[in-house]
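Fold and geometry: a report
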Amino acid sequence: MADSDRAPPGLLRSVSIFAELDDAAAAGLERLARRRSYAEGEVILSEADRGDALYVLVRGKVKVVLYGESGREVILSIFKEPGDFLGEMSLLDDEPRSATVMAVAPSTLVVLSRADFRTHLARHPKVAIQVMTELSRRLRRADAVIGDLALLDVLGRLAVRLRDLALAEGEPTAEGRVLRQRPSQAEIAAMIGTSRETVSRALSELARRGDVVLTGKRLLVRHRLLRRD
Ligand code: CMP
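Now for a look at the structure at hand.

All right, on to the overall build of the protein then. Counting its regular elements, the protein contains 8 helices and 11 strands. Here the C-alpha atoms of the protein give a radius of gyration of 19 Å, agreeing with the 17 Å that 2.2 N^0.38 yields for 229 residues. Oriented by its inertia axes, the alpha-carbon framework of the protein measures out at about 60 × 40 × 35 Å. Looking at the protein residue by residue over its 229 residues, the buried ones come to 41%. The average position of the 37 basic charges and that of the 33 acidic charges among the side chains of the protein differ by 4 Å.

In the vicinity of the ligand, 15 residues are found, and the nearest of them are Gly87, Glu88, Ser90, Arg97 and Ser98. In the environment of the ligand, an oxygen atom lies 3.4 Å from a nitrogen or oxygen atom belonging to the backbone of Met89. A distance of 2.9 Å separates an oxygen atom of the ligand from a polar atom in the side chain of Ser90. A total of 450 Å² of accessible area belongs to the ligand in isolation, and the protein chains cover 92% of it. Contributions of two or more residues to the shell around the ligand are made by strand E5 (73-79) and helix H2 (88-93). Each residue belonging to the shell around the ligand can be placed in one class, and the counts come to 8 nonpolar, 4 polar and 3 charged.

Here we come to the packing of aromatic side chains. One pass over the structure, following the stated rule, counts 0 aromatic pairs. Above the face of the Phe85 ring, Arg138 is positioned so that its terminal group lies 4.7 Å from the ring centre.

Parameters and conventions
Residues numbered from 1 in each chain as written. Predicted model: local features only at pLDDT ≥ 70, side-chain atom pairs only at ≥ 80, totals over all residues. Heavy atoms only, no water. Helix = DSSP H or I, 4+ residues; strand = E, 2+ residues; numbered from the N terminus. Rg over C-alpha atoms; globule rule 2.2 N^0.38 Å. Buried < 20%, exposed > 50% of the residue type's maximum accessible area, 1.4 Å probe, protein only. Lys, Arg positive; Asp, Glu negative; His and termini not counted. Charge placed at Lys NZ, Arg CZ, Asp CG, Glu CD. Near = heavy atom within 4 Å. Polar contact = N/O pair within 3.5 Å; in protein donor to acceptor, adjacent residues only side chain to side chain. Areas by Shrake-Rupley, 256 points an atom, 1.4 Å probe, with all protein chains shown as cover. Nonpolar A, V, L, I, M, F, W, Y, C, P; charged D, E, K, R; others polar. Phe/Tyr/Trp six-rings, centres within 6.5 Å; stacked < 30°, edge-to-face > 60°. Lys NZ or Arg CZ within 6 Å of the ring centre and 35° of its normal.

Below, the structure written as structure tokens:
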């Protein structure tokens, strides 16, 4: 951790779960929150640690990961939108951290203690509903990933993941959607539960079929792949 200070004014109001607070409640919460910065590669939360705080992303990019015994990594999710929050699960169920959260770019987060988060939820039912809404969204996404792992082969999982990434982040062009900074093959492998070598072969196959075009870090996902169910 490089620094620790107060949350910037107005920040928590920009976070979806705190958006409906009135001015006094938002200011009260901001007085309690602390800001922390992390370098790329720094661990923010560690799986199995006791959880004692909620983290809200101010800037940067973090990944939620599990590590196998061999050290192999599975990426459960990536968060990069200001206001994305992490660490709520341990605060709600009093169990240890369910996964490790690591900065994948220099990142700043606001930290709220367990006691302050819980008091806040109890006083503001709308905030509790927002948290539940976000948990449902994450569970739906996890369900989709479980379904893909069980029902699709690697080529299918890669196609679905590239389509989702392109629809979420790609720039629309006449030919499809372009990701200017596609994830590395190792990152994609950790997202779809396979090895980097297998991703390399599957990417070549999608390129051979004309579903994608790879040019350095740039990846074009063609309309035919975007449309496929
Ligand atoms: P917690 O278990 O306290 O610490 C790890 C955090 O990672 C967890 O809270 C969630 O905020 C987040 N997390 C765990 N699993 C997922 C998932 N499948 N999708 C998105 N976020 C997750």
